[in-house]
Number of protein chains: 2
Amino acid sequence: MSAVRALADLSPLPQKAEWLDTILKGDCVAALDKLPEKSVDVIFADPPYNLQLNGDLHRPDQSKVDAVDNDWDQFDSFAAYDAFTRAWLLAARRVLKPNGTIWVIGSYHNIFRVGASMQDLGFWILNDIVWRKTNPMPNFRGRRFQNAHETMIWASRDPNAKSYTFNYDALKASNDDIQMRSDWLFPICTGAERLKNDNGDKLHPTQKPEALIARIMMASTKPGDVVLDPFFGSGTTGAVAKRLGRHFVGIEREQDYIDAANERIAAVVPLEAADLTVLSGKRAEPRVAFVNLLDSGMLKPGATLYDAKKRWAAKVRADGTLAIGDNAGSIHRVGAALQGLESCNGWTFWHYERNGGLTQIDELRRIARLGMERAGA
Amino acid sequence: MSAVRALADLSPLPQKAEWLDTILKGDCVAALDKLPEKSVDVIFADPPYNLQLNGDLHRPDQSKVDAVDNDWDQFDSFAAYDAFTRAWLLAARRVLKPNGTIWVIGSYHNIFRVGASMQDLGFWILNDIVWRKTNPMPNFRGRRFQNAHETMIWASRDPNAKSYTFNYDALKASNDDIQMRSDWLFPICTGAERLKNDNGDKLHPTQKPEALIARIMMASTKPGDVVLDPFFGSGTTGAVAKRLGRHFVGIEREQDYIDAANERIAAVVPLEAADLTVLSGKRAEPRVAFVNLLDSGMLKPGATLYDAKKRWAAKVRADGTLAIGDNAGSIHRVGAALQGLESCNGWTFWHYERNGGLTQIDELRRIARLGMERAGA
DNA sequence: GCATTCGTTGAATCTCATC
DNA sequence: TGATGAGATTCAACGAATG
């Protein structure tokens, strides 16, 4: 049989659609409506977060935080934001293949509304994934916990769509043969990866790290799949898709972002097919805080700690601080103050009584660390 | 004067409300409606998950998940869960003090709906907190990521309630002097802490670890505060509250849980008051005005103050203001103006000469405070 | 060249008592 | 109740400058 005949026997190769690997300019819903239905395998969406800021915020050193105050993040009310959300989700659902899945990222400002809308529209949540940031911005005024994570929702198109892509074994193999958890640790996007404008300032206020998108694609797409990003921004989704041998479609309103994204993606060199297997995520060294010893019951509030020579005795309080007379604070601050020093490593300075002798609390930290390592703390 | 007369002169001690440190039996909303408005400092709520497949929202614990059921109507089911959620949230909001806060825990099944309802009802989200489990249940089918976390929403009663309790300094000190993040790591409740029934099976399917509740209480309550738990279950909230010197109110429908919780709480030994002292920061210190340093003679009118690098020299005036050239005003205003900043902490900016070196005037404030404490100010 | 210091920055619903 | 003013408040990463 000749090669020509063999080719003729095959069903025709799918013509690469014109819109593949391009950025569509315009409103997100209008652009989605132009795409054929059931045509993309995965959607990654990073919609506006509906941040509601009250005036300027300054760091303790008086420098001003460059906040997200762009037009595209202004909504009059929750109702307005919900209407916007439902409109783009509905349009996105139409273009998603029946066994496709969607990822949406957000913060506490918007993610609850987005998640509820997704459920209302018929999406079926498979997981919520927490992106833990290694280097989040601190809380400068000390009135809340440091906002150190964002949330992603991963959902199938329908409740009974069971044949979605999930590369379970590859993820597990890349994770030291432990199944991948729902909490991921990545740094925010900085350094050379962060696109800059002509002034040297960040081009886009919310550029996501490529490593985060790469894990998403390695988890939920196959090579050759089509990934749609309806809020394309600086084009991270396109850059990662090209590198990993996936097709992308981007939708973006602002020409500046489109130009920068096109340039960025053009510079990407795709990986060899053979290398498209494993990407390992960063694991942090486990950090144990003093309060964790109370959490785990290794130390009890009211317990007494001593320095090595039993010159000082301090009491452990329920809030995880140490107190000796008027002097109270962290194990480090109290140790430093007693010795009249600037600093002190409380872990090695303080001891607890065991078997009639003294043992460094650092020993307890070592034990606690063993328990945390499993979770990749 | 007789003891009787003296007592009569005092304003009446607040009678301990009958419902304090008890469990109210019954439906959550009905019981909440019986409590006085604005009477609790913090609410911790662990509401039922949204079990659409059996339709019984109030008794999730005995349910079996039927994976294939074509009859259910997701819209009706979500709507029913939303109605339930809004009803208890609204009732809970009424009993919350204006500066109180609420914690709600959930998973991806229900937390998005709960969060959206909270925003709709006027609660103001302060943080979402991720409870990362050191030992979560694996995903057995390999079709999803291991569901390794739950989400808690922490919210104030109103958007502009700014005086809620947040023990920032204690949390930071307990965390090795680094501010506490929004992702917490704890083991799930197992072992001796887990309540068992007569068969040796777990008494309650979703018993939360005491360490998790303890961190919540240490973060957002003071000793003596009232903590309400409208889904009391096995009574973890009550046990932790008693141990940490807080009052609790529980609401629970099932007598088995009430009996077990009462027994459990009765066995709890409260910590000593001294061990419950919460470390507070500068904000809680008694205020010292700059002019007090003149009053007490620590500084004299005409004295010269410098910034750390002796770039500026300002003169202290008899009225407690500072002057340098045309620039006069409070230590803060003058410091800010010199640096061209919006604000400045004059206490740490200005220094005086001592032993040939420069010392912050904040040191004088510290000494002044010691004097005030002796005087019982 | 290498170690150290200093400055910059990042999706942020970021004060509170007093008058 | 709104305006005023005192004064409290940051972590990790990166890069440039300095020693």
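Reading the values: the criteria
- Residues numbered from 1 in each chain as written.
- Chains lettered and ligands numbered in written order.
- Predicted model: local features only at pLDDT ≥ 70, side-chain atom pairs only at ≥ 80, totals over all residues.
- Heavy atoms only, no water.
- Buried < 20%, exposed > 50% of the residue type's maximum accessible area, 1.4 Å probe, protein only.
- Helix = DSSP H or I, 4+ residues; strand = E, 2+ residues; numbered from the N terminus.
- Near = heavy atom within 4 Å.
- Polar contact = N/O pair within 3.5 Å; in protein donor to acceptor, adjacent residues only side chain to side chain.
- Nonpolar A, V, L, I, M, F, W, Y, C, P; charged D, E, K, R; others polar.
- Pairing = 2+ DSSP bridges.
- Axes fitted to C-alpha atoms, helices over the stretch in contact; angles between N-to-C directions.
- UniProt positions renumbered as here; feature names shortened; annotations may be inferred.

Peer 1: What is the right way to look at helix α10 (residues 331-339) of chain A in this model?
Peer 2: Along an α-helix, a turn takes 3.6 residues, which lines up residues three or four apart on a common side. Turning to α10(A), its buried residues are A:Ile331, A:His332, A:Val334, A:Gly335 and A:Ala336. After α10(A) finishes, the residue A:Gly340 shows a positive phi value of roughly 65°.

Peer 1: How should the protein's contact with DNA strand C be read in this particular structure?
Peer 2: Of all residues adjacent to DNA strand C, which total 41 residues, the nearest are A:Arg59, A:Tyr108, A:Arg141, A:Arg194 and B:Lys162. Here a base oxygen of DNA strand C and a side-chain polar atom of A:Asn139 are 3.3 Å apart. In terms of residue class, the surface near DNA strand C is built from 19 nonpolar, nine polar and 13 charged.

Peer 1: Please explain the sheet that holds strand β2 (residues 40-45) of chain A as it appears in this structure.
Peer 2: Pairing between the strands of a sheet comes from backbone hydrogen bonds, and it takes one of two forms, parallel or antiparallel. Residue and element names in this part refer to chain A. A sheet is described by the order of its strands in space; here eight strands give the open sequence β1-β8-β7-β2-β3-β5-β4-β6, paired in mixed fashion. Of all strands in the sheet, those bounded by a partner on one side alone are β1 (22-25) and β6 (183-186). On average, each strand axis in the sheet is tilted by 20° relative to the strand beside it, whichever way the strands run. In this sheet, strand β5 (residues 149-156) lies alongside strand β3 (residues 96-106) in antiparallel orientation, the contact comprising six bridges.

Peer 1: How should I be thinking about the protein's contact with DNA strand D in this particular structure?
Peer 2: Not every one of the 27 residues close to DNA strand D is listed here, only the nearest: B:Lys172, B:Gln179, B:Arg287, B:His332 and B:Arg365. Considering the 4 Å shell around the protein, atoms of DNA strand D inside it are sugar or phosphate in 62% of instances. Take A:Pro136: an N or O atom from its main chain is 3.4 Å from a base oxygen of DNA strand D. Separating a phosphate oxygen of DNA strand D from a side-chain N or O atom of B:Arg365 is a distance of 2.8 Å. At the level of secondary structure, the elements contributing two or more residues to the surface near DNA strand D comprise α5 (168-174) and α10 (331-339) of chain B. Among the elements that take part in the surface near DNA strand D, α5(B) stands out by supplying three residues, more than any other. Here the surface near DNA strand D is composed, by residue class, of nine nonpolar, nine polar and nine charged.

Peer 1: Explanation requested: the UniProt feature "domain: DNA methylase N-4/N-6" (unreviewed entry) in chain A in the structure shown.
Peer 2: Residues annotated by UniProt as "domain: DNA methylase N-4/N-6" (unreviewed entry) correspond here to residues 40-263 of chain A. Split by type, residues 40-263 of chain A is 28% helix and 22% strand. Its first and last C-alpha atoms lie 24 Å apart.

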